[in-house]
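Single-letter residue listing:
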Amino acid sequence: MTASVPIEHGLALAAILFALGLIGLLVRRNIVYSLLSIEVMLNAAGLAFVVAGARWGQSDGQIMFLIIVTMAAAEVAVGLALVLRFSRLFKTLDGDAASRMRG
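An account of the accompanying structure is given in this report.

## A few points about the packing of helix H2 (residues 31–55) against helix H3 (residues 60–90)
Move 1: Viewed as axis vectors pointing N to C, H2 and H3 meet at an angle of 175 degrees, and their least axial separation amounts to 9 Å. Classified by the angle between their axes, H2 and H3 sit roughly antiparallel to one another.
Move 2: Its residues assigned to classes, the contact of H2 with H3 shows 18 nonpolar, six polar and two charged.

## Section: H2
Move 1: Between its first and last C-alpha atoms H2 spans 36 Å; for 25 residues at 1.5 Å apiece the expected length is 36 Å, and the two agree.
Move 2: Residues Ile31, Ser34, Leu35, Ser37, Glu39, Met41, Leu42, Ala44, Gly46, Val51, Ala52 and Gly53 constitute the buried set of H2.
Move 3: Its side-chain oxygen at 3.0 Å from the backbone nitrogen of valine 32, asparagine 30 defines the N-terminal cap of H2.
Move 4: The positive-phi residue at the C-terminal boundary of H2 is glycine 57, with phi of around 70 degrees.

## Overview of the side chain of serine 34
Move 1: As for its position among the elements, serine 34 is in helix H2.
Move 2: In this structure serine 34 comes out as buried when scored by relative accessible area, which is 16%.
Move 3: Residues within four places of serine 34 in sequence aside, it is in contact with Leu25 and Arg28.

Conventions adopted
Residues numbered from 1 in each chain as written. Predicted model: local features only at pLDDT ≥ 70, side-chain atom pairs only at ≥ 80, totals over all residues. Heavy atoms only, no water. Axes fitted to C-alpha atoms, helices over the stretch in contact; angles between N-to-C directions. Helix = DSSP H or I, 4+ residues; strand = E, 2+ residues; numbered from the N terminus. Parallel < 35°, antiparallel > 145°, perpendicular 65-115°, else oblique. Nonpolar A, V, L, I, M, F, W, Y, C, P; charged D, E, K, R; others polar. Expected span 1.5 Å × (residues − 1). Buried < 20%, exposed > 50% of the residue type's maximum accessible area, 1.4 Å probe, protein only. Polar contact = N/O pair within 3.5 Å; in protein donor to acceptor, adjacent residues only side chain to side chain. Contact = heavy atoms within 4.5 Å.

Structural data, given as structure tokens:
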């Protein structure tokens, strides 16, 4: 017998995680912390999809979570490459230094 979690609890956890990620994105200026906050927000969205899919007995939520995980992996690859380039160029990871970047 498996215990089911009420949809309200799962969505509340997803909302809390999303809010924490959003606060971290708005408060921190470090690029690594910003990328980490975006990852938390993506995981919160994936959790919401899985909880909703489990509620209605559909596998669509799990499929959307796989798409989100794939997108997060691509974001990490590109983001870390930008962080490495940024840190070598400016010798800092402060996001405000990006205003000095030229095209």
